[in-house]
Amino acid sequence: MIFQTIADTSPWPTRLNNVRLTCKLFASLAAPFLLPRIICGPLSNPLATLTAVSRHPAISRSVTEFIYTCNQYRLIESLSDYKVALRRESRKFVEPNSDEENIDLNKAFLQYRQQYADQTALQNNGEVIGTLCSALMRMPNVKKIAVSPEYYCCEAKEYSSRYFLGPEPEYNETFLLLARVLSFTGVKIRKFSIKSLDGDGGIDGAVFGGMSQSDLSHCYNAFRGLREVSITATKRNVDGWMTRNLPKILSGAANLETLRFNGCFGETFPISTEFILSTTTWSQLTSLTLSDTSVDQKDFLDLLTRHSGTLKDINLCTVTLTDGFWKILLEGMKSSLSLRKIEIYWPCEIDNEHKIVLHSHWNALTSYLLGDGPYPLQNDCLGWGCVCGG
């Protein structure tokens, strides 16, 4: 408990390393807290670091969270194309006006090309998936895996250049890669999440629309044993979402306890939960979060009723009823669920092709659903994109 406290209260490992230098016993006891999280991406240096960590007898056992960056370098063949990409990435891009700035720009372009070549070679020869499989099998305490665009696996000198161009997120390929890794290795994790940066991006329907039977099987196997799933998605490739491959994959997580689905930030995700969650019943589901999504009143109420015996925590943010009324949905929730916590923000309805954002105070919703308070929603705001205070 003492070593855990030291690790939790210090932002850097310096204090913990100093404690480990006291004696062999302290070195041994503090080892499990040395590196709780490791970040990796499809480049030589981070893969080499991952291999070294996984082969260390003490540090390999301290890793509990593995983050794989979904950023991918694109083929940019010329300096002029590189400048076009820079302008697209940042409106602050200014053409170099000195020899020194021209040299800096050329270095940045060459470094980008080197990173792309490195990434492509590793992916083509199978070294990425091979390294990930080997490393995860040597790190027995990894319980959480996340896909994230938040980190760049590059050297500080590259990032410091004013002409630095970062790789772009590629969620779909990364999702399938990690699914294959987990399926091949049989590694059992408890938490899997797909994160976005500032609510922008996520997996889209293309990954499910073009999914082979082999990939579907790998994804299903990867989700076995999961207790917590968090998915961030975009509305691109609507037809792919209609295949219902996502609910088939989620059904593999038979012991699922927590499910979060985040749609498009700032706009309504047009795919109903019918095509996301289908009719699966998770016998241990206790927490459900939906944000920026669309639901059908009847289908969603059926989902909640199926889990009435276990569901205790619901969080709904900017959820739009495309068919039905919140009054009926809330009445059904009040009568069929025994909740400990409920949070609903900016509930919306569709009326005569207009989006209605209903007005309510959070305390009033809680009082109604968890107690004997009056019905809390007021239908007094019309028009697309209108948000009432509450």
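Since the structure is predicted, the reported quantities are computational estimates derived from the model, not experimental observations.

Draft legend 1. Expanded view of the overall build of the chain. Scanning the chain for helices and strands turns up 17 helices and 15 strands. Reported as C-alpha extents along the three principal axes, the dimensions of the chain are approximately 65 × 60 × 45 Å. Relative to its 390 residues, the chain shows a buried fraction of 48%. By sequence separation, contacts in the chain at least 24 residues apart represent 79% of the contacts at least 6 residues apart. Across the chain, the mean location of the 39 positive side-chain charges is 10 Å away from that of the 40 negative side-chain charges.

Draft legend 2. View of the packing of aromatic side chains. Counted under the stated rule, the structure contains 13 aromatic pairs. On the numbers, 5.4 Å between centres and 55 degrees between planes, the contact of Tyr82 with Phe109 is tilted. Of the two residues, Tyr82 is situated in helix 6 (residues 79-89) and Phe109 in helix 7 (residues 99-124); the sequence distance between them amounts to 27 residues. Residue Tyr82 shares its accessibility class with Phe109, and that shared class is buried. Both rings, one in Tyr345 and one in Trp346, keep their centres 6.2 Å apart while their planes meet at 45 degrees; by these two values the pair is tilted. On the basis of relative accessibility, which here comes to 30%, the residue Tyr345 falls in the partly exposed class. These aromatic residues form a ring-pair network of at least three members: Phe175, Phe192, Phe208, Phe223, Trp241 and Phe261. The ring of Tyr368 has Lys334 lying over it, and the distance from NZ or CZ to the ring centre is 5.0 Å.

Draft legend 3. Representation of unusual backbone geometry. In this model, Asn237 sits at a positive phi of 60 degrees, which is unusual for a non-glycine residue. Within the secondary structure, Asn237 sits in the loop between strand 7 (228-232) and helix 13 (238-241). The phi torsion at Asp292 lies on the positive side, around 50 degrees, for a residue other than glycine. With respect to the helices, strands and loops of the structure, Asp292 is situated in the loop between strand 9 (287-291) and strand 10 (294-296).

Draft legend 4. Just a nonpolar patch on the surface, in detail. Side chains of Leu25, Phe26 and Leu29 sit close together on the surface and give an oily, nonpolar patch of about 260 Å² of accessible area. With respect to the element layout, Leu25 can be found in helix 3 (residues 24-30). Exposure remark for Leu25: the relative accessible area of 53% places this residue in the exposed category.

Draft legend 5. Expanded view of the packing of helix 15 (residues 297-306) against helix 16 (residues 326-336). Interaxial distance between helix 15 and helix 16 falls to 10 Å at its minimum, and their mutual angle equals 10 degrees. Looking at the two axes, helix 15 sits roughly parallel to helix 16. For the pair helix 15 and helix 16, contact is made by Gln297, Phe300, Leu301, Leu304 and Thr305 and by Ile328, Leu329, Gly332, Met333 and Ser336, respectively. Across the contact of helix 15 with helix 16, the residue classes tally to 6 nonpolar, 4 polar and no charged.

Draft legend 6. Examining the packing of helix 10 (residues 171-185) against helix 12 (residues 213-223) more closely. For the pair helix 10 and helix 12, interaxial distance at closest approach is 8 Å and the crossing angle is 65 degrees. Classified by the interaxial angle, the pair formed by helix 10 and helix 12 is roughly perpendicular. The chirality of how helix 10 crosses helix 12 is left-handed. Contact with helix 10, carried on its side by Phe175, Leu176, Ala179, Arg180, Leu182, Ser183 and Phe184, involves Asp215, His218, Cys219, Asn221, Ala222 and Phe223 of helix 12 and no other residues of that element. Of the residues that constitute the contact of helix 10 with helix 12, the class distribution is 8 nonpolar, 3 polar and 2 charged.

Draft legend 7. Expanded view of the sheet that holds strand 7. In spatial order, the strands read 1-2-4-6-7-8-9-11-13; together these 9 strands make up an open sheet with parallel pairing. Two strands in the sheet have a free side with no partner beyond their single neighbour: strand 1 (37-40) and strand 13 (341-345). Neighbour-to-neighbour, the strand axes of this sheet turn through a mean angle of 5 degrees, independent of strand direction. Relative to strand 7, strand 6 (residues 191-194) runs parallel, the two being bridged by 3 bridges. Paired with Ser193 across the two strands is Ser230, which belongs to strand 7. Seen against the sheet, helix 4 (residues 44-55) touches strand 1 and strand 2 (65-69) and runs at an angle of roughly 150 degrees to strand 1.

Draft legend 8. Focus on the pairing of strand 4 (residues 144-148). Across the 5 residues that make up strand 4, a large majority, 4, are buried. With 5 bridges joining them, strand 2 and strand 4 adopt parallel strand pairing. Bridge pairing in strand 4 links Phe66 to Ile145. Bridging between strand 4 and strand 6 involves 4 bridges; their strand directions are parallel. Looking across to strand 6, one finds that Lys144 is bridged to Lys191.

Draft legend 9. How the structure looks around the pattern of salt bridges. The tally for this structure, following the rule as stated, stands at 16 salt bridges. Close ionic contact of Glu168 with Arg74 constitutes a salt bridge, the shortest N to O distance being 3.7 Å. Of this pair, Glu168 sits in strand 5 (residues 168-169) while Arg74 is found in the loop between strand 3 (71-72) and helix 6, placing the two residues 94 residues apart along the sequence. You can call Glu168 partly exposed: its relative accessible area is 29%. Among the ionic contacts, a cluster of salt bridges with common partners joins Arg74, Arg88, Glu168 and Glu170.

Draft legend 10. Quick peek at the confidence of the model for the chain. Per-residue confidence for the chain gives a mean pLDDT of 86, with 91% of residues at or over 70. Contacts of residues 380-390 to residues separated by more than four positions or lying in other chains number 25 contacts, the stretch itself having pLDDT below 50.

Calculation notes
- Residues numbered from 1 in each chain as written.
- Predicted model: local features only at pLDDT ≥ 70, side-chain atom pairs only at ≥ 80, totals over all residues.
- Heavy atoms only, no water.
- Helix = DSSP H or I, 4+ residues; strand = E, 2+ residues; numbered from the N terminus.
- Buried < 20%, exposed > 50% of the residue type's maximum accessible area, 1.4 Å probe, protein only.
- Contact = heavy atoms within 4.5 Å.
- Lys, Arg positive; Asp, Glu negative; His and termini not counted.
- Charge placed at Lys NZ, Arg CZ, Asp CG, Glu CD.
- Phe/Tyr/Trp six-rings, centres within 6.5 Å; stacked < 30°, edge-to-face > 60°.
- Lys NZ or Arg CZ within 6 Å of the ring centre and 35° of its normal.
- Patch = residues over 30% accessible without salt bridge, like charges linked within 9 Å, V, L, I, M, F, W, Y side chains within 5 Å.
- Areas by Shrake-Rupley, 256 points an atom, 1.4 Å probe, with all protein chains shown as cover.
- Salt bridge = Lys/Arg side-chain N within 4 Å of Asp/Glu carboxyl O.
- Axes fitted to C-alpha atoms, helices over the stretch in contact; angles between N-to-C directions.
- Parallel < 35°, antiparallel > 145°, perpendicular 65-115°, else oblique.
- Nonpolar A, V, L, I, M, F, W, Y, C, P; charged D, E, K, R; others polar.
- Left-handed = near helix turned anticlockwise from the far one by under 90°.
- Pairing = 2+ DSSP bridges.
- pLDDT = per-residue confidence, 0-100.

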